[in-house]
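Residue-level listing of the chains:
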Amino acid sequence: MQKIKVYKFGGGSVQDATGVRQLENIITRQEIPVVVIISAIGKTTNLMEKIVATYQAGNSTEMEMHIQQLLQNHKAIAQDLLPGNSVITAAIDMIEMSLRAQLSQNPTDNYDYDYDRIVSHGELLSTALISTYLNLKGIENEWLDARQLIQTDDSFREAHVDWKTTTPAIRNRIDAGINERKTKFFVTQGFIGGTATGETVTLGREGSDYTAAIFGFALQATEVVIWKDVPGLFNADPKIYPDAIKLDEIPYEEAIELSYYGASIIHPKTLKPLQNKQIPLLVKPFFFPEEPGSVISSSSLINPTPSLIFKKNQILISIFPKDFSFIAVQNLSEIFNILSQYRLKINLMQNSALSFSICLDNHWDRVEPALKELKVKYKVKYNDKVELATIRHYTEDSVAKIVADKEVLVEQKNRTTIQMVLKD
């Protein structure tokens, strides 16, 4: 199989013309073909979510204001890249037509369905802009529609990949480009896919990393590189802890643990496909591409440095039987079914004889109806605005560092990891 790399660029990297030129600089250094995965630029996804909200509310005036801001943001970058060029503007106009066609339809009663078919235009815009720019600069590339290659089920906003269909679709498309048309660069969208019936889906927030892993797996890439505005992976957020330590090399298993607990630099679903094919994942600094960054691979190296992970905007829910009976397996089954129904993921759970406590991301639009259903059979209490702190390879000093001046509501620990629900 042809050697190939997969590069993923986040929205913060390509939020302006300087970023797009740096992307150009990075990919044109490569000697083998590269698949370029690009997120929506800057804060586009947040803007797209405002468009969805005003669309569903029937507020056409405010919706149009957001659309104009969206188009202005992209056309300003195009103007900065190639002043007066109408070809990039025409590419943006084509995506605008698709967006307006979706918005001309009446909203459905399925918010997640509407969300996916509208918000996905953020990635379509960024890739249309950048692919067209590269072609105009003589860097020939093929723009690929990820919705036609990554096939999924219809779990809107968090779709599951059909690997048996997706893998050959990607491989055949890229092989044809390389072998028949001598294409070296391919540009496609992160975050989005499509169902067998042609509906647009998204892969979950931060799903562009996952897209890179999907392409890497399908193509048996030599490496997958996620380009960030940081030097690599750290044991803590350097914006919070200036003394954070860069982790040069991490085994897949350790990185999977970190991502499971919420390390924000890696999407939780990204690592497993790469581990299955033993494809190294590199996290490298966007503006310093010569720097080594961090490597996640099959290394057996164990780094004992404590890693600090924080999940904010959490809700701690405690559930009690109304008749003061014990929490039994049947109760847990009922509770888990309700959580599954509302697609709520447990970040921590703890049970006693008379209660069952869980810590969740506070997606209130899902949490509220789940609470109402739980209250039919159970007594329910909750604390919102709490924070879940996790320390891998914890020490007494690292624990003391994060609990200072905070109330610990729940604590769990094993040999390597401690988790605490904290309240200011």
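Residues numbered from 1 in each chain as written. Predicted model: local features only at pLDDT ≥ 70, side-chain atom pairs only at ≥ 80, totals over all residues. Heavy atoms only, no water.

(A) How the structure looks around the sheet that holds strand β6 (residues 192–195). The strand order β4-β6-β7 describes an open sheet built from three strands, whose pairing is mixed. Both edges of this open sheet fall to β4 (151–152) and β7 (200–202), since each of them pairs with a single strand only. Where β6 and β7 come together, three bridges link them in antiparallel fashion. Opposite G194, over in β7, you have T200 as the bridge partner. (Pairing = 2+ DSSP bridges. Helix = DSSP H or I, 4+ residues; strand = E, 2+ residues; numbered from the N terminus.)

(B) Seen up close, helix α7 (residues 163–181). Over its 19 residues, α7 runs 26 Å from end to end, which matches the ideal 27 Å to within 8%, given 1.5 Å per residue. Elements that come into contact with the buried residues of α7 comprise β2 (34–38), β3 (141–143), β4, β5 (185–189) and α8 (207–219). A side-chain oxygen of the first residue of α7 lies 3.2 Å from the backbone nitrogen of K164; this N-cap is D162. Following α7 by one or two positions, K182 has its phi on the positive side, about 55°. (Expected span 1.5 Å × (residues − 1). Contact = heavy atoms within 4.5 Å. Polar contact = N/O pair within 3.5 Å; in protein donor to acceptor, adjacent residues only side chain to side chain.)

(C) The packing of helix α11 (residues 329–341) against helix α12 (residues 364–377), seen in detail. Taken N-terminus to C-terminus, the directions of α11 and α12 make an angle of 160°; their axes are 10 Å apart at the nearest point. The angle between α11 and α12 places the two elements in the roughly antiparallel class. Between α11 and α12 lies a crossing whose hand is right-handed. Mapping the contact onto sequence places E334, I335, I338 and Q341 in α11 and A370, E373, L374 and K377 in α12. For the contact of α11 with α12, the per-class residue count stands at four nonpolar, one polar and three charged. (Axes fitted to C-alpha atoms, helices over the stretch in contact; angles between N-to-C directions. Parallel < 35°, antiparallel > 145°, perpendicular 65-115°, else oblique. Left-handed = near helix turned anticlockwise from the far one by under 90°. Nonpolar A, V, L, I, M, F, W, Y, C, P; charged D, E, K, R; others polar.)

(D) Representation of helix α5 (residues 111–119) in the model. Counting buried positions along α5 yields eight of nine residues, so the element is predominantly enclosed. Of the positions making up α5, those classed as buried are D112, Y113, D114, Y115, D116, R117, I118 and V119. For α5, the secondary structure elements touched by its buried residues are α2 (44–57), α4 (86–103), α6 (121–136) and β7. Looking at where α5 begins, the residue whose side-chain oxygen comes 3.1 Å from the main-chain nitrogen of D112 is N110. (Buried < 20%, exposed > 50% of the residue type's maximum accessible area, 1.4 Å probe, protein only.)

(E) Representation of the sheet that holds strand β15 (residues 346–351) in the model. Spatial strand order, β15-β16-β14-β17-β19-β18: six strands in an open sheet with antiparallel pairing. Sheet topology places β15 and β18 (407–413) at the edges, where each strand pairs with a single neighbour. The average angle at which neighbouring strand axes cross in this sheet is 30°, direction not considered. As defined by bridge partners, strand β14 (residues 307–321) adjoins strand β17 (residues 378–392) across twelve bridges and the pair is classed as antiparallel. Residue S318 lies in a different strand from β17, and its bridge partner there is K381. Each of β14, β16 (356–361) and β17 is contacted by α12, which is oriented at about 135° to β17, the strand it contacts most.

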